[in-house]
Amino acid sequence: MASRPTLLFLLLAFSNQTGATLWDGGKIVDGKCFVFVKYPKVTWNEAQSACANMGGALATVSSLSQISKFESEFSIGGEVYWIGLNDKAVEGQFAWDETKSPATEITSDWWALNFPTTYNSDLQDCGGVTNGHIFDSYGTLNLMYLCIEPNSSTTKCTAPTTPPATVIQPETTTAISTIGNTKWDGAKIVDGKCFVFVKYPKVTWNEAQSACANMGGALATVSSLSQISKFESEFSIGGEVYWIGLNDKAVEGQFAWDETKSPATEITSDWWALNFPTTYNSDLQDCGGVTNGHIFDSYGTLKLMYLCIEPNSSTTKCTAPTTPLATTLPATTPPSTTLPTTTQPSTTLQATTTVPTRTSASTTQATTTDSSAVTVTSNVLHFTLSITLTAVYFYTMS
């Protein structure tokens, strides 16, 4: 996995090469130009640098209703993403990345449940959007992000057009209780246990716990840090942020697993993402997830993907790997038309049985008088072979 400096370098190099072409998907919303970047998912600081390198800034939001417009225009309903909101300069005094001016337009109804954080810390100072509302958290989470073209310019945007029919429409969070066992169809066995990764709909930690239980499972138990890498490889989810079964809901600071309810004693300090776990004496940031290959704890109200496990080390919901069907493999037997070129000519065997009669050279020459040079060469070789085999025959008989 690339180091943080390496990832930032690659991200900036990509943006520098691409330049304004990254604004090709830009859209005008309320008279301003925005572009939504889904991948690679990055930290808040990396998102800020990427937007700046494109000639923009992390987005300023003018109203709560504007967030709904973003989600409609970019088809990102349910996504969690960074915007320019932050209180990096002075704790509790939020400002925008674009203008550096105070975010005075924000009122209490903008905030997601349990936000903003009220701790006197400069760590949870990066703003984003979840479920149509804003939140502040550690900037080390890897998320999508929204950029804005500064100074109310729209030169990087084209006029809004009707989205193509192939554009994925905003996701829905309904019917979670009806997921059923069919969701195990994409399950995989990892380290002898059965897991399934659910991308949509993104849900809160409690909803993810209920969804896994409704499927006959639980939010995932993780046995080692290296196992996280296996999950990301098996399910192709490198860089995603998702819920697992880790939590300290029962006793603050004492983490346990949803599946077994037993203490998560296997966790060591190297499992945690930067600035985690939270050290505040609060029962609000008690839900565990994975970001950038490490674990974190945060408010369970964030809507994320999630990983389920089949309990009690059972793998009945997973299908064991099988050999691909023969019809999907290239033919390994050479075509019949090539067989004559690899099979010894039958005349070789005939030579060993006709050696005692010895065909004369004059007869051979007479039959080849009108033949081409190629045929003569072939017969000479055949004659030579016959002589050789004859010698072997008489030597053996003597």
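Up top is the structure.
Residues numbered from 1 in each chain as written. Predicted model: local features only at pLDDT ≥ 70, side-chain atom pairs only at ≥ 80, totals over all residues. Heavy atoms only, no water.

Our focus in this paragraph is the overall build of the protein chain. Broken down by element type, the protein chain carries nine helices and 16 strands. Looking at the protein chain as a whole, 43% of its 398 residues qualify as buried. Carbon and sulfur atoms provide 57% of the accessible area of the protein chain, an area that totals close to 20600 Å². (Helix = DSSP H or I, 4+ residues; strand = E, 2+ residues; numbered from the N terminus. Buried < 20%, exposed > 50% of the residue type's maximum accessible area, 1.4 Å probe, protein only. Areas by Shrake-Rupley, 256 points an atom, 1.4 Å probe, with all protein chains shown as cover.)

The final tally for this structure, using the stated rule, is four disulfides. Residue Cys194 pairs covalently with Cys318 via a disulfide, S to S 2.1 Å. Taking the torsion about the S-S bond as the criterion, the Cys194 to Cys318 disulfide, at about 85°, is right-handed. Here Cys194, found in strand β10 (residues 193-203), pairs with Cys318, found in the loop between β16 (304-309) and α6 (339-342); they are 124 residues apart in sequence, far enough to count as distant. Here Cys194 falls in the buried class, since its relative accessible area comes to 0%. Each sulfur in the disulfide pair Cys212 and Cys308 lies 2.0 Å from the other. On the sign convention where negative is left-handed, the bridge of Cys212 and Cys308, at about -80° about the S-S bond, is left-handed. Of this pair, Cys212 sits in helix α4 (residues 205-214) while Cys308 sits in strand β16, and the two are 96 residues apart along the sequence. Here Cys212 and Cys308 have matching classes, each one buried. (Disulfide = S-S within 2.5 Å.)

Let us now look at the pattern of salt bridges. Under the counting rule described, the total for this entry stands at six salt bridges. Across the pair Asp30 and Lys69 runs a salt bridge whose closest N-O atoms are separated by 2.7 Å. Taken together, the residues Asp30 in the loop between β1 (27-29) and β2 (32-42) and Lys69 in helix α3 (residues 64-73) connect sequence positions 39 residues apart. Residue Lys41 is joined to Glu240 by a salt bridge in which the shortest nitrogen-to-oxygen separation is 2.1 Å. Here Lys41, found in strand β2, pairs with Glu240, found in the loop between α5 (225-234) and β12 (242-251); they are 199 residues apart in sequence, far enough to count as distant. Per residue, the accessibility class of Lys41 equals that of Glu240, and both read buried. (Salt bridge = Lys/Arg side-chain N within 4 Å of Asp/Glu carboxyl O.)

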